[in-house]
Amino acid sequence: MEKVIQLIKQDPMRVQVLEQVKQLDLPQCYCAAGFVRNLVWDHLHDKTSPTPLNDVDVVYFDPQDTSDERDTQLERQLSEALPGIQWQVRNQARMHVRNGDRPYQDVVDAMSFWPEKETAVGIRKLSEHRYQCISSFGFESLFELHLSYNPNRRRLEFEERVEAKGWLVTWPKLTVVY
């Protein structure tokens, strides 16, 4: 999605994060969730400064090494390179176990089980001026300011997250969609 890439290129912090994550050289590796979603919603709400990120979600898919220790080591590596950022690195090849789902086939498939459709977005840097965006549900609803329930998850989980995260306060133009 070209509009997401344009927004990313205008955010020096996000460009720096994507460059650092690229250095990990992990398979199917993306910065995802609020890293992209919040940027789009901030833009559509005409915010002059970005909403602070609670963390930067890094997702990848590597069935060869699904250990928790690897993710922890990667988080340490990223923290050393870019201190001050809270990193959350998760190999999606093992997350089906925690979530009680069937095994995921790849990152896009794993994201199709995330509670909100607009959270199931990611971006990665491919080369100096090339980026790749992915989404399990497309980008239309994200740009339409929807906050959509994903029926692959419990509705209560979605509702609890909407309340706990305060998204409707931070971005009041959002519309919840069931």
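Reference entry: report on the structure contained in this document.

Rules of the game
Residues numbered from 1 in each chain as written. Predicted model: local features only at pLDDT ≥ 70, side-chain atom pairs only at ≥ 80, totals over all residues. Heavy atoms only, no water. Helix = DSSP H or I, 4+ residues; strand = E, 2+ residues; numbered from the N terminus. Rg over C-alpha atoms; globule rule 2.2 N^0.38 Å. Areas by Shrake-Rupley, 256 points an atom, 1.4 Å probe, with all protein chains shown as cover. Lys, Arg positive; Asp, Glu negative; His and termini not counted. Charge placed at Lys NZ, Arg CZ, Asp CG, Glu CD. Buried < 20%, exposed > 50% of the residue type's maximum accessible area, 1.4 Å probe, protein only. Pairing = 2+ DSSP bridges. Axes fitted to C-alpha atoms, helices over the stretch in contact; angles between N-to-C directions. Contact = heavy atoms within 4.5 Å.

**Structural notes on the overall build of the protein chain**
Scanning the protein chain for helices and strands turns up 9 helices and 7 strands. Its C-alpha radius of gyration of 16 Å places the protein chain within 12% of the 16 Å reference for a compact globule of 178 residues. Carbon together with sulfur atoms contributes 47% to the accessible area of the protein chain, which is approximately 9,100 Å² in total. Placing the 22 positive and 27 negative side-chain charges of the protein chain at their respective mean positions leaves the two points 2 Å apart.

**Some points on unusual backbone geometry**
Residue Asp46 is not a glycine yet carries a positive backbone phi of 55°. Residue classification places Asp46 among the exposed positions, given a relative accessible area of 60%. The backbone of Leu145 sits at a positive phi, close to 60°, despite the residue not being glycine. One can find Leu145 in the loop between α7 (140-143) and β6 (146-148). Judged by relative accessible area, Leu145 falls into the buried class, the value being 11%.

**Side note on the sheet that holds strand β1 (residues 30-32)**
Spatially, β3-β2-β1-β4-β5 is the arrangement adopted by the 5 strands of the open sheet, whose pairing is mixed. Whereas interior strands pair on both sides, the edge strands pair on one side only; in this sheet they are β3 (87-91) and β5 (130-135). Taking each pair of neighbouring strands and ignoring which way they run, the sheet shows an average axis angle of 30°. Pairing of β1 with strand β2 (residues 56-60), which is carried by 3 bridges, proceeds in the antiparallel orientation. Across the sheet, Ala32 pairs through a bridge with Asp57, a residue of β2. Across the face of the sheet, helix α2 (residues 12-22) comes into contact with β1, β2, β3, β4 (121-127) and β5 while running at roughly 70° to β4. Contacting β2 and β3, helix α4 (residues 68-81) runs over the sheet at an angle of about 145° to β3.

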